[in-house]
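Residue-level listing of the chains:
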Amino acid sequence: MKKILSLLLASAMSLSLLAGCGGAPQTPAQSSNPPASSSSSQNGSEPSAPAGPIKVAALSSGYIDAYPDMWKEVCQAFTAETGIEVTLTLEKNLEDVIGPSMQGGDYPDVVLLATGREKGLTEQFIKDKLIADITDVLSMTIPGESATVSSKLIPGFVGTNATNPYGDGKTYLAPMFYSPCGLFYNANLLNEKGWTVPTTWDEMWELGDKAKAEGIDLFTYPTTGYFDAFFYALMYSVGGADFFNQATSYAEGVWDTAEGQQCFDIVAKLAEYTAKVTPAQANESDFSQNQQLILDNKALFMPNGTWIVGEMADAPREDGDAFQWGMTALPAAKAGGAGASYAFLEQIWIPSGAQNVDAAKQFVAYMYSDDAADIFLKGGAVQPINGIVDKLEGDNVMFYSIYDNGANAVVGIFSAYASVAGLGTVREVFFDPVNGLVSGNVTKDQWIADIKAASDQMRENLV
Amino acid sequence: MRSKGRSRFIFLCVAPAVILFFLFMVMPTINVFRMSLFERGAYSPTETFVGLNNFKVLFKDTKFITSMQNTILLIVTVTIITFFFAIVFAAILTREKIKGQNFFRIVFYIPNILSIVVIAGIFSAVYKPENGMLNSIFSLFAGREVMVLWKDQPMVIVSIIIAMVWQAIGYYMVMYMASMSAVPASLYESAGLDGAGRVKQFFQLTLPLIWTNIRTTLTFFIISTINMAFLFVKAMVAKGSSDVALSFMYNQKDAGLYGYSMAAGVVIFLFSFLLSALVSKVTEREVLEM
C-alpha cells in the first residue's frame, strides 16, 4: 500500500513539474520567416484586422511615474479608433521581461525601447538586422486623422542613424519621445553669487576657478552613461555637423583632427574640475547622490535630461524653496560660436519577427495623432510633432525652448557595428574611463589611444 | 520477483530527479560548451561556427584577464577572512559561556537572509563618502575629516571584500557551531585534565574533529563566492570598475556576443570545477571518529 502511494506521489511530482515546461508560448510558424511579414497593406487602405490583440511592449520610464495610466489610455484610445485590441507590457526592466521570450521566438509587435541603454537590446536588434522596415509608416495616414505621419513630424528627426541605422534611406525606428539634454544647475545659486551661465568653455573654466575658491566644484555627473548625450553635443559644438557625422561613423583619422583633440581636451580638463566624490558614487545604487550634489550646492553643473526634475522632486535641497532648476546647452567651442544640445530620442520599432506587422504599423502611426500626443503630454513625454512646444507647461517650457535660444539641436547616434569579441561597446570604450580620468588612474593619453584603436575596429565592422 | 519489484520502485523514485537534473542541469551545460564554438547575437536566429576562435580571443582579452584576477583575489581573500572569523566565532559561541549567545547567533546570521539589493543599499550608506558610517567613524578617531572614496579605485575591491565577508560569516558560523556542538564534552574534560589549555584544545580537538565539515563548506564557498561576487559587483559598484569573471560574461551578452560570453562561461565552469577538486585534494586528511 505504502509502495503504491509513494509511486503515485513520485509520478505526480514528475508530471506536474514537466507540465510546467509545456506552458511556453506557442511560436507561430511565420515568425521563423521574417522577410515574409514585411509586406504592408498593398491591397487597399483597409488592412485586415489581426486575429488576436497586438502585443505592445513599452519601457516604464520616468514619464510613467508622472502619469501612470499614460500607456493604458493611449492603447484604449487606439482600440476605440481602430478596433484592434492591444495587450500592453509596461516594465522598468523591459529587456529582462521580453528578452527571454524573444530568444524563444515570441516577439512583441511593437517595442518602445531606446538605443543607448545599458543592456543594449535595441542595438543588438539593429546589428542583427531584426527590425522591420517601417519607411511606409511615414506616408501612412494617421488613424482618425487626415494628416500623414511625415507631415506632422518635426523635420530632422527622421533620417539620422538613430532612425535609419543602415544609411540606406530606409527608416527602421520611429522617433517617439525626445528630450533636450544639457547641463543642469541651480539657477538660484548662480543668481545669488552673481555668476552668469558660461557661453564658451573658456568662461566655463573661469567660473570653475571662481567656484573652487568658494568650495564648490564645477562639475559632476550621475554615471558615465550620461556622457553619451554630453559627448554628442560636445562633438557637434566643436566641429559642426560634418565632424559629428564623421566621428559617429568612426571615419579614419577623425580623432587626430584638431576638432577631435579639442573634444578630448575638454573632457579631460572637465575631469579635473569634477567633484572628487563623483566616481565613487557613479554606480546604479548611488548615482542620485551625485545628482544631490547640485541640490546641495556642492557642484555647479551636471549633464542630464528633463526627467531630472521629476526624479529629484522629493529630494531635500540646500536652498529650500528658492532652488530653481536651470538648464543650458553645452557652451560654444569658441567665442561667438553656437552651443549645442543633444535631443535624446526614444525610438519605437517593430521586430521583424512580429506576427501582426500591419496592425503594428497602424499603432506606430497612431502614436503621432493629436489624441495620443495629448495623453503622452500629461506624463511630460514630448513627441517630435509640429507645434508640440506650444502645448508645454511648467519647467518644460524653458527646457524645450533651448533650441529657440540659439543652441544647435543634435540628433543621431554612433553607428552600429557588428559585435566583435574583445571590442567593447561605445560606452565601455569612450565613457566608462571618465571615472578613471577623474580619480587619476587612467591617463588622458591612454584613454585616447584606446579610443583610436577601438574606433578603427568599429569602422571595419560597420553594419 | 521481490527484488525486481524493489528495483523498479527505486527506479521510479529516482527517475523524476534524474530527468529534471538532466533537463535543467546537464543539457544547458552541454549547450554552453556547444555555443562557445559559435558566434551569434543573443536574439539572432543565425549562428556561425568559429571553432576555438572565441577562446583564442578570450585569453588575449585584457578585460577578461583582469576580471579573472579579481575573481581569484576575491576567492582567496574572502575565503580566508570568512573562514577565520566563522570558525573563531563558532568556537567562542559554542565553547565559552557568553551572555546573549542566541542574540549573537541571530545577529551574525541575519545578513544571510537579506537580499543582495538590500545589502547594496546598506553598504551604500556605510560607504557614502560624506557622512557615511565608515568615514564618520574614521573621522571621529582621526580628529579631522577623513574622506575615503570606498567605491572608487583603488578601494573598490576592498569594499566588495568587506561586504562579502559580512554577508557570508553568519551562515558558515552556524554550520560550524552545529558540528562543534556534536563534539562530546567528555573529550574536552579529559583534555583539560591532561593539561591542554583552551587554545590547544581548539587546535588539537575542535579543528580535527570538524575537519570534514570544513572541507565540504570550502567547496561550497568557492562556488558561491564566484556567484556572489557577480551579484555584489553588479549591485554595488560602477560597471567596469572591478569586473569579475561572471560580470564579464554578462557584459559580453549585452554587447551582442553570445558565443563569446559562453566561451567565458566554459572557462569559468572549468576553473571552478578544477579549483574545487584541487581544494578537496589538498585538504584531504584521515577522517577522525569521535
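Residues numbered from 1 in each chain as written. Chains lettered and ligands numbered in written order. Predicted model: local features only at pLDDT ≥ 70, side-chain atom pairs only at ≥ 80, totals over all residues.

Per the secondary structure count, chain B includes 12 helices and two strands. Taken from N to C terminus, the helices and strands of chain B fall in the order α-β-β-α-α-α-α-α-α-α-α-α-α-α. Relative to a compact globule of 290 residues, whose C-alpha radius of gyration would be 19 Å, chain B shows 24 Å and is clearly more extended. The buried share of chain B, reckoned over its 290 residues, is 33%. Long-range pairs, those at least 24 residues apart, make up 69% of the contacts in chain B between residues at least 6 apart in sequence. (Helix = DSSP H or I, 4+ residues; strand = E, 2+ residues; numbered from the N terminus. Rg over C-alpha atoms; globule rule 2.2 N^0.38 Å. Buried ≥ 20, exposed ≤ 12 C-beta atoms within 10 Å, placed from the backbone. Contact = placed C-beta atoms within 7 Å.)

Each helix and strand counted, chain A has 19 helices and nine strands in total. Across the 463 residues that make up chain A, the buried fraction comes to 47%. For chain A, contacts bridging at least 24 residues in sequence account for 78% of all contacts bridging at least 6.

Taken together, the contacts link 37 residues of chain B with 36 residues of chain A. For the side of chain B that touches chain A, the secondary-structure elements that each account for two or more residues are α1 (2-35), α2 (53-60), α5 (116-127) and α10 (211-236) of chain B. For the side of chain B that touches chain A, the leading source of residues is α1 of chain B, giving seven residues. Among the residues forming the side of chain B that touches chain A, the class breakdown is 21 nonpolar, nine polar and seven charged. (Nonpolar A, V, L, I, M, F, W, Y, C, P; charged D, E, K, R; others polar.)

A cis amide bond links Gln 153 of chain B with the next residue in sequence, Pro 154 of chain B, at an omega value of 0°. A positive phi is found at Tyr 250 of chain A, a non-glycine position, where the angle reads about 60°. Mapping Tyr 250 of chain A onto the fold places it in the loop between α9 (227-248) and α10 (258-272). Despite not being glycine, Asn 131 of chain B has its phi angle at roughly 65°, a positive value. Among the secondary structure elements, Asn 131 of chain B is positioned in the loop between α5 and α6 (133-142). Given 9 C-beta atoms within a 10 Å radius, Asn 131 of chain B is considered exposed.

This part takes up the domain arrangement of chain A. Residues and elements named next belong to chain A. Taken domain by domain, chain A comprises domain 1 (48-179 + 344-397) and domain 2 (181-343 + 414-460). For domain 1 versus domain 2, the separation of C-alpha centres amounts to 29 Å. Counting residues at the interface gives 18 residues for domain 1, matched by 19 residues for domain 2. Those elements giving two or more residues to the side of domain 1 that touches domain 2 turn out to be α2 (62-66), α5 (121-127), β4 (173-186), β8 (340-349) and α16 (395-400). Partitioned by chemical class, the residues of the side of domain 1 that touches domain 2 number six nonpolar, seven polar and five charged. (Domains from an automatic or database assignment.)

What follows deals with the confidence of the model for chain B. In the predicted model, chain B carries a mean pLDDT of 88, and 99% of its residues have values of at least 70. Both scores are given for the predicted complex: the pTM is 0.82, the ipTM 0.80. (pLDDT = per-residue confidence, 0-100.)

This paragraph deals with the packing of α9 of chain A against α10 of chain A. Residue and element names in this part refer to chain A. Look at α9 against α10: their axes get within 10 Å of each other, and the N-to-C directions meet at 135°. As judged from the angle between their axes, α9 and α10 are oblique. α10 is crossed by α9, and the crossing has left-handed handedness. Contacts between α9 and α10 involve Leu 234, Met 235, Val 238, Gly 239, Phe 243 and Ala 247 on the former and, on the latter, Glu 259, Gly 260, Gln 262, Cys 263 and Ile 266. Among the residues forming the contact of α9 with α10, the class breakdown is seven nonpolar, three polar and one charged. (Axes fitted to C-alpha atoms, helices over the stretch in contact; angles between N-to-C directions. Parallel < 35°, antiparallel > 145°, perpendicular 65-115°, else oblique. Left-handed = near helix turned anticlockwise from the far one by under 90°.)

Take the nonpolar core next. Counting 198 residues, the largest nonpolar core has Ala 233, Met 235, Ile 350 and Val 364 of chain A together with Ala 90 and Met 164 of chain B as its most contacted members. Formed jointly, this core draws a minimum of three residues from each of two domains, domain 1 (48-179 + 344-397) and domain 2 (181-343 + 414-460) of chain A. In contact with Met 164 of chain B, not counting residues within four places along its chain, are Leu 74, Val 78, Met 228, Ala 229 and Phe 232 of chain B. (Core = buried A, V, L, I, M, F, W, Y, C linked by C-beta atoms within 7 Å.)

The next point concerns the confidence of the model for chain A. When the pLDDT values of chain A are averaged, the result is 85; 89% of them are 70 or greater. Segment residues 17-47 of chain A: pLDDT under 50, and 32 contacts once partners within four positions in sequence are set aside and those in other chains are kept.

With respect to the helices and strands, Ser 272 of chain B occurs in helix α12 (residues 258-282). For the pair Ser 272 of chain B and Val 174 of chain B, spaced 98 residues apart in the sequence, the C-alpha separation amounts to 25 Å.

Okay, the environment of Val 86 of chain A next. Residue and element names in this part refer to chain A. Counting through the fold element by element, Val 86 comes out in strand β2 (residues 86-91). Note: C-alpha distance between Val 86 and Val 74 (12 residues apart in sequence) is 10.0 Å. Every residue in contact with Val 86, bar those within four places of it in the chain, is listed here: Pro 53, Ile 54, Val 56, Cys 75, Phe 78 and Thr 79.

This part covers the packing of helix α3 (residues 70-82) of chain A against helix α15 (residues 370-378) of chain A. All names here are of chain A. At a closest axis distance of 9 Å, the pairing of α3 and α15 adopts a crossing angle of 170°. The orientation of α3 with respect to α15, classified from their angle, is roughly antiparallel. Taken together, the residues of α15 that come into contact with α3 (itself represented by Met 70, Glu 73, Val 74 and Ala 77) are Asp 371, Ala 372, Ile 375, Phe 376 and Lys 378. A breakdown of the residues in the contact of α3 with α15 according to their chemical character gives six nonpolar, no polar and three charged.

The next point concerns the pairing of β8 of chain A. Residues and elements named next belong to chain A. Extensive coverage of β8 is indicated by the burial of 10 of its 10 residues. Burial of the side chains of β8 extends over both faces: Ala 340, Tyr 342, Phe 344, Glu 346 and Ile 348 are buried on one face and Ser 341, Ala 343, Leu 345, Gln 347 and Trp 349 on the other. The sheet contact formed by strand β3 (residues 110-112) and β8 spans two bridges and is antiparallel. Opposite Leu 112, over in β8, you have Ile 348 as the bridge partner. (Pairing = 2+ DSSP bridges.)

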